[in-house]
Amino acid sequence: MKIAHISDLHFGSLSRPVTEILMRHFDDDKPDLVVVSGDITQDATCSEFEEAKAFFDLLPMPVFCIPGNHDLPGMDLERFYDPWGRYRRFISQDLEPELRTDLVHLKGINTARRVLAHWNWANGSVSRRQCRDIRHAYADATAPWRVFVMHHPVMNASEMPLQVALFNRRRLLKCLDDTRVDIVLAGHQHHAYVENRLTGGHTTIFVNASTTTSLRLRRQPNGFNMLTFTDKAVRIDRLDLDGETFRIIEAVTHTKV
Ligand SMILES: [Fe+2]
Ligand SMILES: [Fe+2]
């Protein structure tokens, strides 16, 4: 099973040529599923969401999508009285989807908040209720791979171009350890990396994606990740835009023991 992990599309501030290159890549490579780890739009306007929906509708494969901080209306009253109304209207009613396949059990959560006890509301948070949902989702998981999707990265890799605070980060890490999640897909920083965490004999792989289509680059070109699963192994390819093509620039394989 092949999953394309794209992120931070930022409709409203994206490169149309790059979006077309991405569509062509998917036509050739044919992922079974596309996972989008948030920041679908730039300013959460109706027209941006409409464009994003039109793009998703063009994809022949299912899309598993969660929101990011840019999918909240900015300086707009709607941010406070109906923060996710537009996302729900155009993208999905479900902000925290779950998908079970024979090989992969996916669960997503929404870490963006309309208000935070911090000067920077672009940061993220995880609630107790969300941790309970994660535990519940994976409690009876039978697929060999548990994949978790969120917008704000829980690991801060070195040389990050953007500092991120994820409130209740330790609570989430404990939850991911307890539920033996295999792979965490995230975005937000517009910076790709793969980092392993080994706890109690179990490896969790934290996979961040660059922005796939946005014009706001942070020291990396546009890019995305392609994950190919078999029963026992996953190969994670990181692809960067190189001229008119997305090319693999790094590949790691992890085998279950
Ligand atoms: Fe973003
Ligand atoms: Fe973001």
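Up top is the structure.
On a predicted model such as this, the values are computed, not experimentally measured, just so you know.

Reading the values: the criteria
- Residues numbered from 1 in each chain as written.
- Chains lettered and ligands numbered in written order.
- Predicted model: local features only at pLDDT ≥ 70, side-chain atom pairs only at ≥ 80, totals over all residues.
- Helix = DSSP H or I, 4+ residues; strand = E, 2+ residues; numbered from the N terminus.
- Buried ≥ 20, exposed ≤ 12 C-beta atoms within 10 Å, placed from the backbone.
- Contact = placed C-beta atoms within 7 Å.
- Core = buried A, V, L, I, M, F, W, Y, C linked by C-beta atoms within 7 Å.
- Expected span 1.5 Å × (residues − 1).
- Arc of directions from axis to C-beta.
- Pairing = 2+ DSSP bridges.
- Axes fitted to C-alpha atoms, helices over the stretch in contact; angles between N-to-C directions.

Secondary structure assignment for the protein yields six helices and 14 strands. C-alpha atoms of the protein, sized along the principal axes, occupy 50 × 45 × 35 Å. With 257 residues in all, the protein has 42% of them scored as buried. Of the contacts made within the protein by residues no fewer than 6 positions apart, 71% connect residues no fewer than 24 positions apart.

All right, on to the nonpolar core then. Among the nonpolar cores identified, the biggest contains 57 residues, and Val 147, Val 149, Val 184 and Leu 185 are the most heavily contacted of them. Non-local contacts of Val 147, meaning those with residues more than four positions away in its chain, are made with Val 104, His 105, Leu 106, Asp 182, Ile 183 and Leu 185.

Here we come to helix H2 (residues 46-58). Its 13 residues give H2 an end-to-end C-alpha distance of 18 Å, which sits within 8% of 18 Å, the value for a rise of 1.5 Å per residue. Along H2, the positions that sit buried rather than exposed are Glu 48, Phe 49 and Ala 52. On an axial view of H2, the arc spanned by its buried residues comes to 95 degrees, and they lie on one face. Facing away from the buried surface of H2 by more than 90 degrees, the exposed residues are Cys 46, Ser 47, Ala 54, Asp 57 and Leu 58. Contacts from the buried residues of H2 go to helix H4 (85-90).

Moving on, we get to unusual backbone geometry. For Lys 30, which is not a glycine, the phi torsion comes out positive at approximately 50 degrees. Along the chain, Lys 30 falls in the loop between helix H1 (16-29) and strand S2 (33-37). Judged by C-beta crowding, with 11 C-beta atoms within 10 Å, Lys 30 ranks as exposed.

Further remarks concern the sheet that holds strand S5 (residues 104-108). The strand order across the open sheet formed by six strands is S4-S5-S7-S9-S11-S10, and the pairing between neighbours is mixed. In the strand order of this sheet, the two ends are held by strand S4 (98-100) and strand S10 (193-199), each with one partner. For this sheet the average axis-to-axis angle between neighbouring strands, irrespective of direction, equals 15 degrees. Note: strand S9 (residues 183-186) against strand S11 (residues 202-208), four bridges, orientation parallel. Within the sheet, the bridge partner assigned to Val 184 lies in S11 and is Phe 206. Along the sheet face, helix H5 (residues 128-139) touches S4, S5 and strand S7 (145-149) and points at about 165 degrees away from the line of S5.

Taken in spatial order, the six strands of this open sheet run S3-S2-S1-S12-S13-S14, and their pairing is mixed. Lying at the two open borders of the sheet, with one neighbouring strand each, are strand S3 (63-66) and strand S14 (245-255). When the angles between neighbouring strand axes are averaged without regard to direction, this sheet yields 20 degrees. Bridging between strand S13 (residues 233-242) and S14 involves ten bridges; their strand directions are antiparallel. The residue bridging Val 234 from the neighbouring strand is His 254, located in S14. With respect to the sheet, H1 is in contact with strand S1 (2-6), strand S12 (223-229), S13 and S14, its orientation differing from that of S14 by roughly 50 degrees.

From the geometry alone we can't say anything about function, so treat these as descriptive.
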